[in-house]
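Each chain is listed here by its residues.
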Amino acid sequence: MVQKYQSPVRVYKHPFELVMAAYERRFPTCHLIPMFVASDVMNEESNEDGSTHRIERRCALDVDAPRLLKRIAGVDHVYFIQKNTLNRKERTLHIESHNETFSNRVIIHETCCYSVHPENEDWTCFEQTASLDIKSFFGFESTVEKIAMKQYASSINKGKEIIEYYLKELEDEGITHVPRWSPPSLSLPPPRPTSLSTSPLDLPKLVVTPAASIPLTANAEDSISQEAKQDSSALQADSLTEILAGTPEDKLDADYIKRYLGDLTPMQESCLIRLRKWLQETHKGKIPKDEHILRFLRARDFNIDKAREILCQSLTWRKQHQVDYLLETWSSPQVLQDYYTGGWHHHDRDGRPLYILRLGQMDTKGLVRALGEESLLRHVLSINEEGLRRCEENTKVFGRPISCWTCLVDLEGLNMRHLWRPGVKALLRIIEVVEANYPETLGRLLILRAPRVFPVLWTLVSPFIDENTRKKFLIYAGNDYQGPGGLVDYIDKEIIPDFLGGECMCEVPEGGLVPKSMYRTAEELENEDVRLWTETIYQSASIFKGAPHELLIEIIDASSVITWDFDVCKGDIVFNIYHSKRAPQPPRKDPLGAHGITSPGGNNVQLIDKSWTLGQDYSMVESPLTCKEGESVQGSHITRWPGFYILQWKFHNMPACSSTNLPRVDDVLATLQVSSHKCKVMYYTEVLGSEDFRLVNFSVCLFASLLLAICSF
């Protein structure tokens, strides 16, 4: 399986040519990147007019690895091959790199691009995509993961800082402008940077070949004539298509289009009418408005068959779950009103409704534990339905079609706790539902104050986001959103929220941690009639003194990974992991639990037979972990052998005092606190195969540290 990575777009508020001058100063070495120790030019060439320059380098990285690992691997440095193609005419720099070291074990390929910002020609954008295919790594996978995570944590934000460092260096040297490339004349040399010093872009010097008049042969003339005929035929075909698309039965009122739908070509107009007619003739149920049909057509580039397929699936989904009545029937629970850090806030400069989400302040885990995934999904759907309603209102207010909204996401406070696996999984499922049923509703996404951990989260969620949607993302790190080119370009200064430095009071809740007292058990969540599309991922169990709760996991392949996440809702417990070569017998139902206590019921299972002997029939593979009431515990175990693994949550017995048989005060108090000697846990477990584990962990770490070191910098 190949792991893929897509970076967010990085924006430099400097012209392309100046950024290129700063970029070239990274080579052959860079004191700001200690691990980047050398780069040797292997091949270099330019075209005749100097508009294109290609250079191939072999780059050496000195990874901070233990000497033993380096000796076993047989390398001192890690080498990458980097190929750069600078097109001065189109103002782009394309970078391709792949690893030379360990290429028979790990295959890494990366492409990057510097280009002109689509909305401001004096700014420069940077994009990066990469893929990783790992086969093996000498059995040192876990060691390399730790090394890579260390490199990744230290380098993830370095790229922009280094370019800006050299931009400042250029400014200090008096280089504030590098002229754009223009075709050389017969007598004048190529343009040079405006500076008293030499610019890196001057090298290598190019030989200009004078232009010459080349006579056309008869064959060439025939070829051009033939091409002209083909172009003419194509133009006539297009004109004929538009004429056919504009027949009276396939025409909409021009004022209606302008007022509610926006600019449509005759072909697009025809597609809309044909799909609407098909729905009227064949679809049983409510027919959506033209604006809604048009969103699905745009999402599939006006391919009627593809648009019809996804639209019909969405209409069936809406009918099954009564989504059309969601705004009238759904009432947000109080916990959402207090801790869901999102809300509507005026509109942007284009009249689009503006939704603000303070994701960095949101306790995703707490909301999932308190509400369940279904309630969160229903709330997100209500937000989308409200967005559609506001678009209709703004269309009437502004007198022009407004079919989408703008979302502003503030990431201040985002950290590793937001990468909680079940929470990310819930987020991906919500994105999947929204993408399928609300296409082309997001006009622009402004992501502000992106922290270091953001690229990791982006790596996880970006594959689930449509490519057309990703193009609408604008990402700002730190305070880059302030000033020209930031929020003021998209939102009126008067409505910028106070927490972003504006003067407008924002009603969006500030969030905070959801109290664990609001967490609910899986049974409580299941009893609510909010199930839309998934099952609750958590299970709950009661633990009694003498009656632990045990979970059986069968492992076929060694080196698989057992992961867990649980909360101790009541009492103190001891968590153990055991291994056995033989499967335990299915648990027997007993009307009474141990010590005469009433049987805990279906949420307590005991698997280890009383006749089993520890060390003979089964063995302990992890040290016992004592967990206090209220603690949240996450962890993983790499299995060494196939067989049967038993996860056990056991009542915690306080140790007696060694000098006397009398109970201690702490023991008595603990007994009083745990009513009926009962504890309660809420848990979630998952098993990753050995290959999946390597991809999930090793790829995110090694791939981020080594790959980003070359081109992100």
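You'll find the structure just up there.
Model, not experiment: these values are computed from the prediction. (Residues numbered from 1 in each chain as written. Predicted model: local features only at pLDDT ≥ 70, side-chain atom pairs only at ≥ 80, totals over all residues. Heavy atoms only, no water.)

Draft legend 1. Structural context of the nonpolar core. Ranked by size, the top nonpolar core spans 51 residues in total, and within it Tyr340, Leu367 and Phe454 carry the most contacts. At seven residues, the largest contribution of residues to this core is made by helix α13 (residues 373-398). Ignoring any residue separated from it by four or fewer positions in sequence, one finds tyrosine 340 in contact with Val335, Tyr355, Leu357, Met362, Leu367, His379, Val380, Ile383 and Pro509. (Core = buried A, V, L, I, M, F, W, Y, C linked by side-chain atoms within 4.5 Å. Buried < 20%, exposed > 50% of the residue type's maximum accessible area, 1.4 Å probe, protein only. Helix = DSSP H or I, 4+ residues; strand = E, 2+ residues; numbered from the N terminus. Contact = heavy atoms within 4.5 Å.)

Draft legend 2. Local environment of the packing of α13 against helix α14 (residues 421-437). Between α13 and α14, the least distance of the axes is 10 Å, while the angle of their chain directions is 40°. Our pair here, α13 against α14, has a crossing hand that is right-handed. Packed against α13, whose contacting residues are Glu373, Leu376, Leu377, Val380, Leu381 and Asn384, the element α14 presents Ala426, Arg429, Ile430, Val433 and Val434 at the interface. Here the residues of the contact of α13 with α14 are counted per class, giving eight nonpolar, one polar and two charged. (Axes fitted to C-alpha atoms, helices over the stretch in contact; angles between N-to-C directions. Left-handed = near helix turned anticlockwise from the far one by under 90°. Nonpolar A, V, L, I, M, F, W, Y, C, P; charged D, E, K, R; others polar.)

Draft legend 3. Expanded view of the packing of helix α8 (residues 290-299) against helix α9 (residues 304-320). It is the contact of α8 with α9, at a shortest axis distance of 8 Å, that shows an interaxial angle of 125°. Here α8 is positioned oblique relative to α9, judged by the angle of their axes. Crossing of α8 over α9 shows right-handed handedness. In contact with His292, Ile293, Phe296 and Leu297 of α8, α9 contributes Ile304, Ala307, Ile310, Leu311 and Ser314. (Parallel < 35°, antiparallel > 145°, perpendicular 65-115°, else oblique.)

Draft legend 4. Inspection of the pattern of salt bridges at higher detail. What the rule picks out here adds up to 25 salt bridges. Where arginine 389 meets glutamate 393, a salt bridge forms, and the shortest distance between an N and an O atom there is 2.2 Å. With arginine 389 and glutamate 393 both in helix α13 and four residues apart, this pair spans about one turn of that helix. A relative accessible area of 32% places arginine 389 in the partly exposed class. For lysine 472, the salt bridge goes to glutamate 440, with nearest N and O atoms at 3.4 Å. Note that lysine 472 is positioned in the loop between α16 (467-470) and β13 (473-475) and glutamate 440 in the loop between α14 and β12 (442-448), a separation of 32 residues in sequence. Assessed through its relative accessible area of 23%, glutamate 440 is described here as partly exposed. Among the charged side chains, a salt-bridge network with shared partners connects Glu386, Arg389, Arg390 and Glu393. (Salt bridge = Lys/Arg side-chain N within 4 Å of Asp/Glu carboxyl O.)

Function cannot be inferred from these measures alone, as they are strictly geometric.
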